[in-house]
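# Structural overview for review
Spelled out, the chains give:
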Amino acid sequence: MIRKIRKKFIRKLQDKDFSEIFKKSASGFFISVVGRNLGFAQQLIITNFYGAAAFGIFRVCFSILSLVGIAGRFGVDMAISRFVAQYRKQDRYDLVNEIFQIGIKLVLPIAAFLTVAVFFLAPYLSDHVYHKPYTTYLQIFAVGIFFFVLSGVIEEGIRGLRKSGIPYIN
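What this report covers is the structure whose coordinates are included nearby. (Residues numbered from 1 in each chain as written. Predicted model: local features only at pLDDT ≥ 70, side-chain atom pairs only at ≥ 80, totals over all residues. Heavy atoms only, no water.)

## Digging into the pattern of salt bridges
Within the structure shown, the criterion is met by four salt bridges. For Glu 156, the salt bridge is made with Arg 159, and the minimal N-O distance between the two is 2.6 Å. Placement of both Glu 156 and Arg 159 in helix α6 (residues 135-163) is noted, with a separation of three residues, approximately one turn of the helix. The partly exposed category is assigned to Arg 159, whose relative accessible area is 38%. Each of Glu 155, Glu 156 and Arg 159 takes part in salt bridges that share partners, so that together they form one network. (Salt bridge = Lys/Arg side-chain N within 4 Å of Asp/Glu carboxyl O. Helix = DSSP H or I, 4+ residues; strand = E, 2+ residues; numbered from the N terminus. Buried < 20%, exposed > 50% of the residue type's maximum accessible area, 1.4 Å probe, protein only.)

Structure representation (structure tokens):
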């Protein structure tokens, strides 16, 4: 019975499409498992060295960073991914570059505004929402919003290049 299953699996792996899907999903699964384990290790380190209160502050700040950062991308990251893949497939590198530049120019002011807004709203959030002295921590994480938004847009641009099925380097 095990031989029969093994033969079926080996036959399926010889199929080019199935093999590609299997390899990509296996690598995605592996990366996900490693990432979650590293996240757990990070939680352990923070709580063991700095205490549960420090981890709570970290989670609050990281949640704000994530929420505001996702809003700051304004959907431009997904649009860039789609259009970059489409134009790269058509060998329209001029449009790939133009789309990417337009996306960055659209997101930069939004990211800068959100960074400044959260930075200056940090005392209010700290005092009136959380009722804790988190102002300094919120301001430190607020600076990261700008870079979080930019990295997300750049990441989706690169993902768009990969979606086209054409290797990066010609």
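## Structural notes on the packing of helix α3 (residues 52-73) against helix α5 (residues 93-129)
The axes of two packed helices give the description: the angle between them and the distance between them. The contact between α3 and α5 brings their axes to 9 Å, and the two run at 150°. Between α3 and α5, the angle is such that the two are roughly antiparallel. In this structure, α3 meets α5 at a crossing whose hand is right-handed. Contact residues: Ile 64, Val 68, Ala 71, Gly 72 and Arg 73 in α3; Val 107, Ile 110, Leu 114, Val 118 and Leu 125 in α5. A per-class count over the contact of α3 with α5 returns eight nonpolar, one polar and one charged. (Axes fitted to C-alpha atoms, helices over the stretch in contact; angles between N-to-C directions. Parallel < 35°, antiparallel > 145°, perpendicular 65-115°, else oblique. Left-handed = near helix turned anticlockwise from the far one by under 90°. Contact = heavy atoms within 4.5 Å. Nonpolar A, V, L, I, M, F, W, Y, C, P; charged D, E, K, R; others polar.)

## What about the packing of helix α2 (residues 16-50) against α3?
In the contact formed by α2 and α3, the axes pass within 6 Å of each other and the chain directions differ by 135°. Comparing the axis directions of α2 and α3 gives the class oblique. Along its contact with α2, which presents Gln 42, Gln 43, Ile 46, Thr 47 and Tyr 50, the element α3 presents Ala 52, Ala 54, Phe 55 and Phe 58. In terms of residue class, the contact of α2 with α3 is made up of six nonpolar, three polar and no charged.

## Comments concerning the packing of aromatic side chains
Tallying each qualifying case throughout the model produces seven aromatic pairs. Taken together through their ring pairs, the aromatic side chains of Phe 55, Phe 58, Phe 62 and Phe 141 make up a single cluster. Above the plane of the ring of Phe 148 lies Arg 73, whose end atom (NZ or CZ) is 4.9 Å from the centre. (Phe/Tyr/Trp six-rings, centres within 6.5 Å; stacked < 30°, edge-to-face > 60°. Lys NZ or Arg CZ within 6 Å of the ring centre and 35° of its normal.)

## Description of helix α4 (residues 76-89)
Taking 1.5 Å of rise per residue, the 14 residues of α4 would be expected to cover 20 Å, and the 20 Å separating its terminal C-alpha atoms lies within 8% of that figure. Val 76, Asp 77, Ile 80, Ser 81, Val 84, Ala 85, Tyr 87 and Arg 88 are the residues of α4 that are buried. Phi turns positive, to about 60°, at Asp 91, one or two residues after α4. (Expected span 1.5 Å × (residues − 1).)

## Points about a positive patch on the surface
Together, Arg 3, Lys 4, Arg 6, Lys 7, Lys 8, Arg 11 and Lys 12 give the surface a local cluster of positive charge. Since its relative accessible area comes to 48%, Lys 12 is described here as partly exposed. (Patch = residues over 30% accessible without salt bridge, like charges linked within 9 Å, V, L, I, M, F, W, Y side chains within 5 Å. Areas by Shrake-Rupley, 256 points an atom, 1.4 Å probe, with all protein chains shown as cover. Lys, Arg positive; Asp, Glu negative; His and termini not counted. Charge placed at Lys NZ, Arg CZ, Asp CG, Glu CD.)

## Comments concerning the nonpolar core
Ranked by internal contacts, the top residues of the largest apolar core, which has 25 residues, are Ile 64, Val 68, Val 118, Leu 138 and Ile 145. Going through the elements one at a time, α3, α4, α5 and α6 are the ones with two or more residues in this core. A per-element tally of this core places α5 first, with eight residues. If sequence neighbours within four positions are ignored, Ile 145 has contacts with Leu 65, Val 68, Leu 114, Thr 115 and Val 118. (Core = buried A, V, L, I, M, F, W, Y, C linked by side-chain atoms within 4.5 Å.)

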